[in-house]
Structures are given as structure tokens and as C-alpha cells.
Amino acid sequence: RIPILMTMNTNFEILTETELPTHCTSEPMEICWKADGTLLAISSVDPVDISIDKGCKRRTIRFYSSETLEMKCTGRTEDGCGKILTNILSLPDERGEIGTHTLAWGGSEVSELLACVRRKSKKSRDIIFLEPNGLQHGNFNLKQFVIGDEVIGLTFNNPSDLLAVTLRNKDTHSRGDRVQFYHRCNYHWYLKYELSYDQKHGRNMVGGIQFDDINPYLVMVTLLSNNYNNAISTSTTQENIEYGKPNVNGQIFTEWRQYKFAWDTSTTSYDNTACVIDGNALNLTPLDRAIIPPPMFAHQIQFDAPIIGVACIPPSCCHVEMQQHSPSISIDSVLQLSNSSLAFCILNPKPTIKSQSSNTESNKNQSSVAKYSPPNIVTTFDLTQCWGNPSLLRQFTIIKVDKGSSSSSTTSTKTRTIDFMDVRLLAISCQDAHSASTNCFDQIVDIIIRINLNEDSNQAVQLIDTNSYQLEHTVLRMVHWSDEIANSKAVGGALIELTDGTLFEFTSSNNSPGSIIPFESEPLLLEPCPWIAGLLNVNNNESKRPLIFGLSSRYRLYNGEHLLSDGSTSFSLSPSYSFISHITLGSRSQLRFLPLDVLATFDPLAGSDHLDPNALGEGYEPRAVERGAQIVSISSFKPMVVMQLPRGNLEAICPRALLIPFVMGCVENGKYDLAVVTMRKQRMDTNLIVDMNPYKFLNNGGAESLIKQIGTSTKNGEGLDLLNLFIASLANTDITQWKYIIPSWYKKKQNNMSFEQTPFDFNTKVNQVCIKLREVMLDAEENDGRERKFLQPILSTFAKEDPPKLESALSLILRNALFVEGDVENFSRKKKKLLLLGDAAQNSIRYLAFLADYELIYDTALGMYDFDLARAVARNSQMDPKVYIPYLKRLTELPSYAAKFEVDVRLKRYEFALRNLIKIPLEGSDDQNSNGPKSAIDMPQEHFDKCLSFIEKHDLHRLGLQLFPDEKPQLYCSHKTDEETTDRNYRRCIMLSLGERFLRQNKAEIALPIFLAANPSCFDGAKRAARACGDWKTYFACQPLLPQTIDDNTQEAEERSVRFHAVAEEIAEEVASGKSGSEFRKEGYAAAARILLDYCQDYSGAVSMLISGELWFEARRIACLCLRENVEINNLRNSTDKTKLNLSNELKGLVIDAAKTYAQSCISDFETRAEIFINANNRYATVLNIRRKVKKDEAGKLGETMDDGNVESGSLFSMASTASNASILSSMSSNSVATVSSVISAGAVSSFSIIGEDESMKHKSKFSKGGKAKKKRKPKRERNKMKRGSEDELKSLISTLKQNIVDQEYASTISETIQFLIQEQNQSLALETSEAYEELFNVVHKSQRERIEADKKERFELERNARLEGLIFEHVQLGCEQEVNDIKCHKLDDAIIETLVFFQ
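A short tour of the structure in this document, coming up. What you are looking at is a predicted structure, and each value in this text was computed from that prediction instead of being measured.

Bringing the overall build of the protein into the picture now. Of the regular secondary structure elements, the protein holds 41 helices and 45 strands. Buried residues in the protein amount to 48% of all 1400 residues. Sequence separation of 24 or more characterises 59% of the internal contacts of the protein that already satisfy a separation of 6 or more.

Rendered as C-alpha cells:
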């Protein structure tokens, strides 16, 4: 026979066929199709070839194309030698039913590999993988393989991340079938779960395994009874067997079981130890101490059977010592094994406790991570003691752990040992098929197991109690509460979720039976969530509602009925940090944080105005992560998040959301060393340590604790380095206001901490902290007896202060170098120089130079006048020794005060330099035999001239006046400021110099009192200052005090009088022009008239000044005063023979004529103002609407508004007409608005001509000017760039409106003019002026009223139209509208109006 391989369609028509190689027909042949149908694999046994295989049968796997049935390749080894794979296994010889196979083709998740079985040895089997090209691509060894086991089935799920391996032992009566589920991660296949079926529980043979096509983690397993084999052996044909029906030789029963897997990202204990299941091994990695990527681990615990579940102790049951990382006997985890037993692991057990595990010796190996004590197996418990069929139990959960000692123990309370621990567990049990119940609902099993830790106990473990609670639905997930603080509900309670999302709560007290009640505090989840977590008390506040979080199989994160995220890979609940964290899906994955306190008070029914928790960012800024990452753990003891990336590797990060609360907690609890180390490691600003509570840090022991913990607890100078870095990072700012804002939820959580800070000046924070730290460090040095222990941090405090106290720092270095507490001058200069050049002093100077500039330190040493110290500083700088050595040597040789003077001048310390300059002639005056000056007033004239020159050069007059007291002068001063003063002294010279300086600085008002305050006063300088500042009263007050000779002749007196009158007239003109500093114009003219009248007896000039100031009544009074004075009138209209009466009448007539002329000009001005105001007000209404529209539409382009023809046609003013008031009067045509610019159209004549005008330029464009002389362009006239309707035009219109009304001063002048005209028999002109003003008043009022009413009417129409159209009307109001609306003319005096009534 020739084997034929053919493909057929659904009508069984042959499509393709080919011949297969000869194979052994006695051996089974297997065919496996690739998922996409492009390839198929055939496993067959080749005939025996003695020459090659020496008589051994060899099974070969061949790959064929599904279209042509052409053989593509043959399974070969992966070493590249081309050797065909050997020891490939197929189904056992006696088996060959439908549904069993040993070939499985995976999908793209495992690179489309073909899985098959290979015999490695008699006790071992391998699963190998073949690529589509036939080459081997990896393998793994089957775990828990025993002699007699054979692989009868391989099955992949759709994503190909799970591989189900079915094992069957030859002795089916004593050992049932097993199904192992392997998961692939990091190129390693983990045995994650094993289903074991034995004879005593009914069905022990697997009939078939099938993964669901939609849900890849839903698997169906069919079971057969042991009679199935007997039926096969006694039946002649396969057709005689009918599943589920009785056979003549016995009963055949079938049973199907459905398993749904929900893979947890990680299982971590409270001490942040990650547990990874790999067959019968539990891989442990302490993530707080080491980040070891899987499949590697820090420690491994071996068990007798594969692990199928891990239950860690809840945080609420942890012992206090465990939270503090101190050794204590405590349950760490409980493990469920596939052999129906539980294994108990204890953390840090005593060496005397005997382990009940057979693999104890192998578990005693120390961990590869230093200072890590892994848990050990204490004992195991057989579940058959408490439940009939333990294979039905799942999801074991620890809810309570009680520790106690036996009654026979006589140990005292302080040294009491733990003799036993009662562990309370909850588990879920599905309904047994053999039970009489007809429903398929689950049960909750409550188990209490006692672990005896006493060596004298007969039983290591014993069952205390078992209870079961029937539910009316199937349980999806059961978890313990995540509360860290033990309370009555969290301890001994659990949260149960049904498959429809309904929540139940299990509660219990002590060891009494519990109860299951509906969870009424939280509505059911919107969809079933395989991953849930619950928190009863948020921030230990029982008044807030519990929080339930769930992550659905569609990766939606819920908080009860509220959707927190529509795409999250995983989440973690962290009560210690008071947040829930989750990683979002999408192109930009983020690690986000939501405060629990806000979620506990969040009301989803409050509307859109209520705070959305997804938008919360207060203290919880998100962190960008790699897409597909999942949260492994969040440590409760370190600000660290461990994530597993899609490639399988681990990544530990410290986001700000964890760092900030962690550091704040350390600072509040006084753990400054941990806070500083963490902040420096994570590059945080250490100012937070002070800024959280400056008062506590400075006054309540914060600084002392910081120095004690950091400065004394660390070794090798690390603590001093941290102190230096902490001091260097200080800044005069409060970073809790902008950088690290203290969240409100943190303040509520730390309710026992006081965040209400005492008012603190952060502008002086650096200086206050430096002073406090320096005091603490100096006290610590004094108490410890170590002088130089904190030398560098103390120098850092000096250098950090503002301004830096480098002088104090150098003094400290000098004192430490000389080992003297007192005066350093006790040492000889030679010994002092040697000590300053020593290593101790030089090292300190180098460190100080690291904090500050060498040049600044050198100048500070010079400023101390310690030239040996300056030389020690300059020795390590980059200064040239040829420069500083001679300079320091010369200073040493100079007298003391002279050297100090030179140093102060070099350092620009001019005040110190002046003090030392004054003391130069006094040096040695303390000697009784010395003939030098005894005080500053005894100094030589020449030296005082030097001092005065130095004072004037550096503006040191104030210090000079302090150094030279006001005593009777002994010598004259060479500073000649007052030629007529004969009694001079040094102090007066300094004051006169100060007055002259203020005059040069145009500060005459300051120079005037200084000149007069000199003793004696300097009237010449006072007059110059008085005239410069416009103080004419003081000027003329100083004039009579000028020294005059007694025997003055008449000619000299006349000349002096002429000069005086000329000066008086000049001053009068200056005062009238506003130089006197008066606020009102009329006051200046009145003062000028007063000067001319008092000091020049010029009546006509005084009257002219008063007329210029519209002071009609005063001018008339002066004119009448001329009659009463016996004054000779000279040069009056070139006539000397007129009488005094004629002069008075003439001056009075001038006043009346000026008043008439002014009244007539006012009438004309009123008409002009009225016209301008009306035009400007109309244009203002138009521009106002334009600006409102621009502001409302936010167009930003005024040109679009200007294109409206209606706006342009309605305008009465051109663009330039709004620039000034004069242009408003011009009646310009609309053509003057803008000029039309010439534009060359694209469709016009071409710009290139073949034949140009110039014969030599024919090849160029006629617009090209190459080779031709360039013509000079005419300069364009500058045009007014103010656009119509712009903001500038609006401002110009407002200014025009304000300028064309009558203000208070103008109205007062008009009232005085009308009153004067009435008194001077000019009632008609007065009445005409009043009527003209009244007309202006009415025009302004009417124009304003009409514009405001029109604006209100237009606004009303717009609002009504908007409401009719169903729109919302928004009125836009500019800021200038109210100001313009208030513009009006002032009224005349009521007395004037009443008077004019009688003359109408």
C-alpha cells in the first residue's frame, strides 16, 4: 500500500493529493493544522533502517503546504547540524480516542511554533517547539513527571500564552489523570496550575480539553470514569460505546467541568515580597531589597506537589513588629497544593521549630539577597479532613490570624512566647456532580486551623472548626479587606463578588461562625470584575463610606458605579499613601493616582459641576510608562512602584506621587536622615524639610534632630556631605506654595499634625536656618569635645548667608588653625604664618573657596587687615605671586591707618577709608610725649583738604559731618564758597560742599535749607538755591541781609537799585511762567504781580500780570490803589505830565477792556466746543459699537470690521480727522479717507519683454535693473497710521470729548468775568456770555442723553431678537463707557444766574 495525503472541499471533492513517505503502519500517525491553514504537520514513524538507527523506530515530523501538499521541511535540531529530531513521542499504543493529540500549533504569541513531546529519559519528558521551517526553537521539561506518566494531549489557547498538557499514568486505578497549565513569560514556561483527578473522587480520566474561542482563559475539561477502560477492553468495536449510557460490562459516566482563569499580575506579601508559582516551587523576591527579573529569583521554596494558589496575610492581620521590620513569628502565606493539602509558611521562625515538610533540608539554603530572611515551611494540612472533595476548593483567603500561648505557660508577659496561631481561612467550593443538589451554585467554606509552635505538642497542625455557607449564585472573586489598621470589620471579614457583579460581605468575630450579608454600602459593579479590592475605612475615618474598586475583563476600572478609567491594565490600592494607582492603556500610557479621600466623598449624581476624580492632580501628577506595563507592587515602606513591562522585565520607579507624601511623613515624624537621603537620591529639593513647618524646625527641635541623625549617625563623612548639600540647597522661598504643594488630603490624613504655621518671613529663611544650624553644631562640638568635627558645615552656613559672612568664616579657620579660643594675636607672627600655611588651614581655605570665589575671599582677608591670612588665601588661588607678594609686603611696611586706608580704597569701602584717613595724622597721638594733633579739629589744613576732596569724590558728606563736630573753628578752610564770610570751620566747609552738590544735581529745594543751616549761613548759596527752586519769598528774605557798606554814594546805590529791580522783574516772569511750583495758574500770576508791586513799585506791570491771569477784581484793586499812593509815574506812554487820576483811570480801563475781550473770545470758543463735541460724540457711538463687536467676536483683526461699507459711509471723520481738535472742524470729503494704491494684476501685461527699451538689455526683464544706475526713490510722506474704528481712535475721541467741555477752573473764571462785567456796566455782554455758555451746557447734555438712549434702545432690540431666535444675549461693555457717560459741563454759580435774571 502507498499512503496518500489528499485535501478535499466540503463536497468531499479531491483538491490536491500527494504520496507520503513510507511509514510504519503499526504506529499511530498524527496530523495538526496551523491556525491560519497554510501549513500542516504530520507525525509518523519511519520504517526501521538497521544501517542508520540500528533497528530503532524513529518518529519524524514533516511540514506540508496546504495548497500544493508539497513537503516544506522536516523537524530538525536547533544546533544547525541538520540532524533530525529523535525520541519524538505520540499517543500511547493502547490509546487513540478522538480529542487526544500530542501535536499543538500555537499562534503569533509564541512565534507560530509547533509543540510536541520528546522523551528525555525514563523519568523525564520535554515539550519541544518547532518553527514553521522545521528547526527546533526551545523546549522545557515537564514538572512533577513520575514513572509511568505519558503525555496524551497538548492544547494551546487562542493567544497561545497558555499550554495545557494532559498526563496519564499507566496505572489508572491508583493514579488519575492530570492537566498541567503552563504559562510563557520571559522565554520561560511556568507551571501555574495543575488539575489532578484521582479514583476516590469519582472521575479520574480526562476525555478532552478545549479552550473557549472567545474567552481564552475559559477551559472545558471532560472527565470519564475508570470503567471506560474496561469497556474498551471488553468491546469488539468502538461503535459499541455510547457516552453517558450503560454498557453490558458496567456503567460509563461522563462529567464536564468548566474552569475560568483570572491571572493576577503579582502576589506580594505585606513586606513587599513577590511570590511566583512555578510548579512545585515558589520563587520569592524581596522587591524592597532587590529587583530581580523573572525567571530569576532571590529564594526558592520546594514543595511536594505543584502549587495552585497563594494566599498572603492581609495588612490588618500583620503584627506590629512586622510593620517595623523586626523579627517576629508570624504567618506569611498559605499555599494550596494540587495534592489537596495546604502548606503554611512562617516569617522569621525560631530555630527550634521543626518543619513538617519533606523538603526542609533543601529550603534551608540562604537567600542570595543580603539581610533577607525568607519564610520557611512549618507544616502542611490535608484538606480531606475538612472537606469531602478538596479539588472543588479554590481562592483560599486569609481573613484572621490569632496568636496565643497555652494555659500551662508560666512565662511572664514581657517575655511571653507564642505557642500557637489560629489561622482563619475562607475558600470557595463549587457544587459536586455526585451531590443530590440540582443547582450549580457555590459555597463559602470557613476553616479555622491551629498551628502549634510548641515542641511539646503532639500535633503540628489541627482542625478547629469548619463551616459552609450556601450561596444562590456563582462566586467570581473573593478578597480580604485592604485596610492596614485593624478594625472590627476588616479583621475576620472578606469581600465577595458574584458573577453578575453583586457584592456580599463576610463578617465574623473571634472563632464563632460568620455570616454573609449583602454589601449595602456600595451598589453593585456595572459589570463583573475579576480583579477587585475593598477598603472599609478611608484614612481610618469610619464616617466615610467604604470604597470598592474593580477591573473588568475589558480593562475598565470602576469605583462602584462610577467609571474611573475606560482602559487600564492593572491597579493597586495603597492605603498607606491614601491613593489608588492604575496604568492606562493607549498610545500614551500613564501611571495615574487618585486620592482615596476624594473618592470617598465623591458623588456621581451631583452633576457636571462636581469635582471629577479623573481630573485630580493635587499632589498626584501622572507618570508616563511603557505601553502595556502592569503594576507588580507598591511598597508600603519605600516610595517605589515595581512594574512588569510587556517584555517581562521589571522596572522600579519612584514617582513624585509617592515621594512627596513619603518625605512629608518622614519630616513630620522626625526621621530627617531618611528624608534627606531619599530626597538627595531622588533629586528632590531639600527645602521641603524646612518649609513644611519652619517654626517647628527652628524652635521645636527640628534642627537638633537633623544634626544628631545626619551628623553623628553616618560614617566616613557621608553625614557631613549631606549636611553640606542640605545647606547649599537652601533658598529664600516657600516651595510648598508652588513646587511641592501640601495636598489637602494629606493635611486631613495627618490630622494629629499641626499644619497651621506661625507667620514666618521666608525672605530671611536662609539666614535664620544657617544661624540655627551653626549654633547647634557648635554646641555639639563643645559637648563632644571635638573641635573640627563640623568645621565644613559651619563654613557652609557662613558662606550661604546673605550677604556671606566670609569674615566670620576666615576667623573660624584662623582660630581652628591656631587652636586658640581667645585672641589670635597671642602667637608670634612667624609661628602664625607657618600655621596658616599648614594642611589644616589650607584645606579649610580650599573648601571655603569651593563655596565662594577666591577673589572675594582674598578681598575679605584684606578687609580684616590680616595680611598673613590674605597671603595664605592667595597661596592657593590663581593670583600671580609677583603681584600680591610685593603688595602685601608694602602694606605691612606702611603705618597701620595708612595701610588700612589703602585696603579700604581698594575694596571700595569708602566710609571705612574716610575714618582711617582722618586717623592718619592722629596715629601716635596717644603718646603723651607726642606733639601731633589730639582730635579731628586739630588736624592740619592740608590734610583736611585731602579729607574734603575724598568726601566730595565719594559723596561722604553725611559721615564727614559726623566725624567733624560742631565746635568753634580754629583754622580757616581753603574751600571758598562765601567770599564775605570770615569765620570758617571744617564742618561748615563740608555743609557748603554738600549744598553745592545738591545744586549740581538739580535738587535746589534740598540745597536751600543746607545753605541756611550752615553756621554762619551762606546767603549767596541760599539765594541761588531759592531762585533755582522758585522760592521767591526766601530769595527776597535773604536779600536785605546782604552786607552793605555805610558810605555808599548815590550812584552806587542807584546802580544797585537798578540791578535789584531787573532781578525782581526776571523773578516775576519766572514765577508767572509756573516756576514757583503753585498748583493753579492764577496763583503764579498773583505772586508775580505781588513781586512787581512790592519790590519794583510797578503798578502797570502788576496790573498786566493780573490781567494775564484773568484776575479782574485784583487788577481793578491795584489800579485804584495807584490813586492813594504818592508815586511818580515815569515812562508811562511816553508822557510825564499826566496826573495820578489819569493813570488810575487808564489802568482801570485796561482791565475792563481785557475783560470784554476775554468774554467775546469765550463766546466764540463755546460755539467751537459745541460743534466739536457733537461730531466727536457721534463718532464715538459708532466706534464704540465696532469695539464691542471686536471684543465679542475676538476676531483680533480690525481690518475685517473696517471692510463694512455701512460703517465707512456713516463716518463723518477721516482717519486723520480724529488726531486733533482743529482737524475735527474741517469738513473733509469722504475721498480723503484713504488713497487707492496701484496694484499690478496677475492677468495684466507680462513683466518680461523679449525686446526691451535698451538695446543692451534685451535678454533681461524690463524690470531688472542689473547694470543700470539705480534711481533714488523719493521719501514717502508719513501718514497717520491710526485705523478707523481702532483702539487708538477710541482713545483719541475720548480725549477730544474731555477737552471740549468746561471744567471747574474754566467755569469759575467765566463766572468771575460775568460778575465783573455786570459791576462795570456791561450787562449786555455779560448776559450774552451767560447765554452762550448755557447753550454749550445744553448741547453737551443733549448730545450725551441722545447717545445713551440710542445705545440702550439698540441693546434692547438686540436682546429681544436674540431671545426670539432662542439665543443667549451677552452684552459687551467696555471699561471706558461709564467714564464717557459721566462727561458734562460744570454749572455757573447760582448767584450769577439769579443776578442776570434782572437784566434780561
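Let's shift gears to unusual backbone geometry. Following Pro294, the chain continues into Pro295 via a peptide bond in cis, with omega recorded as 10 degrees. A positive phi angle, close to 60 degrees, is found at Asn87, a residue other than glycine. Mapped onto the elements of the fold, Asn87 is located in the loop between β6 (71–74) and β7 (88–89). Assessed through its relative accessible area of 36%, Asn87 is described here as partly exposed. Here the phi dihedral of Ser578 falls at roughly 60 degrees; this positive angle occurs in a residue that is not glycine. Residue placement: Ser578 occurs in the loop between β39 (568–574) and β40 (579–584). Residue classification places Ser578 among the buried positions, given a relative accessible area of 2%.

Pairing is antiparallel across the open sheet formed by four strands, whose spatial order is β35-β36-β37-β38. Unpaired on one side and paired on the other, β35 (531–535) and β38 (562–565) mark the two borders of the sheet. In this sheet, adjacent strand axes meet at a mean angle of 25 degrees when their direction is disregarded. Relative to β38, strand β37 (residues 557–559) runs antiparallel, the two sharing three bridges. When the bridges of β38 are listed, Leu557 appears paired with Ser565.

Attention now goes to the pattern of salt bridges. Per the stated rule, a full pass over the model turns up 45 salt bridges. Between Arg125 and Glu150 there is a salt bridge, with the nearest N and O atoms lying 3.0 Å from each other. Taken together, the residues Arg125 in strand β10 (residues 124–130) and Glu150 in strand β12 (residues 149–156) connect sequence positions 25 residues apart. For the residue pair Arg125 and Glu150, the accessibility class agrees, reading buried in each case. Among the charged side chains, a salt-bridge network with shared partners connects Arg1188, Asp1351, Arg1355 and Glu1377.

With that settled, the discussion passes to the environment of Ile1318. Here Ile1318 is to be found in helix α38 (residues 1304–1319). Judged by its relative accessible area of 13%, Ile1318 falls in the buried class. For the pair Ile1318 and Leu1396, spaced 78 residues apart in sequence, the C-alpha separation works out to 8.5 Å. Excluding residues that lie within four positions of it along the chain, Ile1318 makes contacts with Gln1323, Ala1326, Thr1395, Leu1396 and Phe1399.

The next point concerns the side chain of Glu30. Residue position: Glu30 is located in strand β3 (residues 30–33). Within the buried set, Glu30 has no salt-bridge partner at all; the shortest N-O distance to an opposite charge, 5.5 Å, is to Arg59. Separated by 2.6 Å, the side chains of Glu30 and Ser90 make a polar contact. Polar side-chain contacts of Glu30 include one of 2.4 Å to the side chain of Thr102. Once you skip the residues sitting within four places of it in the chain, Glu30 turns out to touch Ala41, Ile42, Ser43, Ser90, Leu91, His101, Thr102 and Leu103.

Structurally, the position occupied by Glu801 is in the loop between α14 (791–800) and α15 (806–818). When its relative accessible area of 5% is taken as the criterion, Glu801 is described as buried. Of note is the side chain of Glu801, whose polar atom sits 2.7 Å from the side chain of Arg774. Not counting the four nearest positions on each side in its chain, Glu801 is found in contact with Asn767, Cys770, Ile771 and Arg774.

So, about helix α31 (residues 1099–1108). For α31, the tally of buried residues reaches seven of 10 residues, placing the bulk of the element in the interior. Glu1110 sits one or two residues past α31 and shows a positive phi near 55 degrees.

Bringing the packing of helix α13 (residues 765–784) against α14 into the picture now. The contact between α13 and α14 brings their axes to 9 Å, and the two run at 155 degrees. Relative to α14, the element α13 is oriented roughly antiparallel. Here α13 runs over α14; the crossing is left-handed. Across the interface between the two elements, Val766, Cys770, Leu773, Arg774, Met777, Leu778 and Glu781 from α13 touch Leu791, Pro793, Ile794, Thr797, Phe798 and Lys800 from α14. Per-class residue counts for the contact of α13 with α14 are nine nonpolar, one polar and three charged.

Let us look at the sheet that holds β40. If you trace the four strands from one edge of the open sheet to the other, you get β39-β40-β41-β42, paired in antiparallel fashion. Because the sheet does not close on itself, it has two edges, and the strands there are β39 and β42 (623–624). In terms of strand pairing, β40 meets strand β41 (residues 590–595) through five bridges, oriented antiparallel. When the sheet's bridge partners are listed, His582 is paired in β41 with Arg592.

A few words on the pairing of strand β43 (residues 630–634). Burial within β43 is extensive, with four of its five residues counted as buried. Examined bridge by bridge, β43 and strand β44 (residues 641–644) share four bridges and lie antiparallel to one another. Residue Ser633 lies in a different strand from β44, and its bridge partner there is Val642.

Let us look at the nonpolar core. Residues Phe1166, Tyr1180 and Val1302 are the most contacted members of the largest nonpolar core, which totals 107 residues. The contact partners of Val1302, leaving out residues within four places of it in the chain, are Phe1166, Ala1307, Ile1310, Tyr1333, Leu1336, Lys1384, Cys1385 and His1386. Ile660, Tyr740, Tyr746 and Tyr884 belong to the second largest nonpolar core, which has 93 residues in total.

A few words on a negative patch on the surface. Residues Glu1167, Glu1328, Glu1331 and Glu1335 make up a contiguous surface patch of negative charge. Tallying contributions element by element places helix α39 (residues 1323–1364) first for the negative patch, with three residues. With respect to the secondary-structure elements, Glu1167 resides in helix α33 (residues 1140–1193). Classification of Glu1167 as exposed rests on a relative accessible area of 54%.

Think of an α-helix as turning once every 3.6 residues; residues three or four places apart then point the same way. Its 15 residues give helix α30 (residues 1081–1095) an end-to-end C-alpha distance of 22 Å, which sits within 8% of 21 Å, the value for a rise of 1.5 Å per residue. Listing the buried residues of α30 in full gives Lys1082, Gly1084, Tyr1085, Ala1087, Ala1088, Ala1089, Ile1091, Leu1092 and Leu1093. With its phi angle positive at about 50 degrees, Gln1097 sits one or two positions after the end of α30.

A surface patch of positive charge is lined by Arg289, Lys371, Lys638 and Lys681. Structurally, Lys681 can be placed in helix α7 (residues 672–681). Accessibility expressed as a relative area gives 68% for Lys681, which makes it exposed.

Considering all chains together, one arrives at 33 aromatic pairs under this definition. Ring geometry for Phe697 and Phe726: centres 6.3 Å apart, planes at 50 degrees, overall tilted. In this pair, Phe697 is assigned in helix α9 (residues 694–699) and Phe726 in helix α11 (residues 718–728), connecting sequence segments 29 residues apart. Looking at Phe697, the relative accessible area reads 1%, which means it is buried. We classify Phe726 as buried; its relative accessible area is 1%. Put simply, the rings of Phe129, Phe140, Phe156, Tyr182 and Trp189 pair up and form one aromatic cluster. We note Arg450 situated over the ring of Phe420; from NZ or CZ to the ring centre the distance is 4.1 Å. The ring of Phe912 carries Arg909 above its face, with NZ or CZ at 5.2 Å from the centroid.

Criteria and thresholds
- Residues numbered from 1 in each chain as written.
- Predicted model: local features only at pLDDT ≥ 70, side-chain atom pairs only at ≥ 80, totals over all residues.
- Heavy atoms only, no water.
- Helix = DSSP H or I, 4+ residues; strand = E, 2+ residues; numbered from the N terminus.
- Buried < 20%, exposed > 50% of the residue type's maximum accessible area, 1.4 Å probe, protein only.
- Contact = heavy atoms within 4.5 Å.
- Pairing = 2+ DSSP bridges.
- Axes fitted to C-alpha atoms, helices over the stretch in contact; angles between N-to-C directions.
- Salt bridge = Lys/Arg side-chain N within 4 Å of Asp/Glu carboxyl O.
- Lys, Arg positive; Asp, Glu negative; His and termini not counted.
- Polar contact = N/O pair within 3.5 Å; in protein donor to acceptor, adjacent residues only side chain to side chain.
- Parallel < 35°, antiparallel > 145°, perpendicular 65-115°, else oblique.
- Left-handed = near helix turned anticlockwise from the far one by under 90°.
- Nonpolar A, V, L, I, M, F, W, Y, C, P; charged D, E, K, R; others polar.
- Core = buried A, V, L, I, M, F, W, Y, C linked by side-chain atoms within 4.5 Å.
- Patch = residues over 30% accessible without salt bridge, like charges linked within 9 Å, V, L, I, M, F, W, Y side chains within 5 Å.
- Areas by Shrake-Rupley, 256 points an atom, 1.4 Å probe, with all protein chains shown as cover.
- Charge placed at Lys NZ, Arg CZ, Asp CG, Glu CD.
- Expected span 1.5 Å × (residues − 1).
- Phe/Tyr/Trp six-rings, centres within 6.5 Å; stacked < 30°, edge-to-face > 60°.
- Lys NZ or Arg CZ within 6 Å of the ring centre and 35° of its normal.

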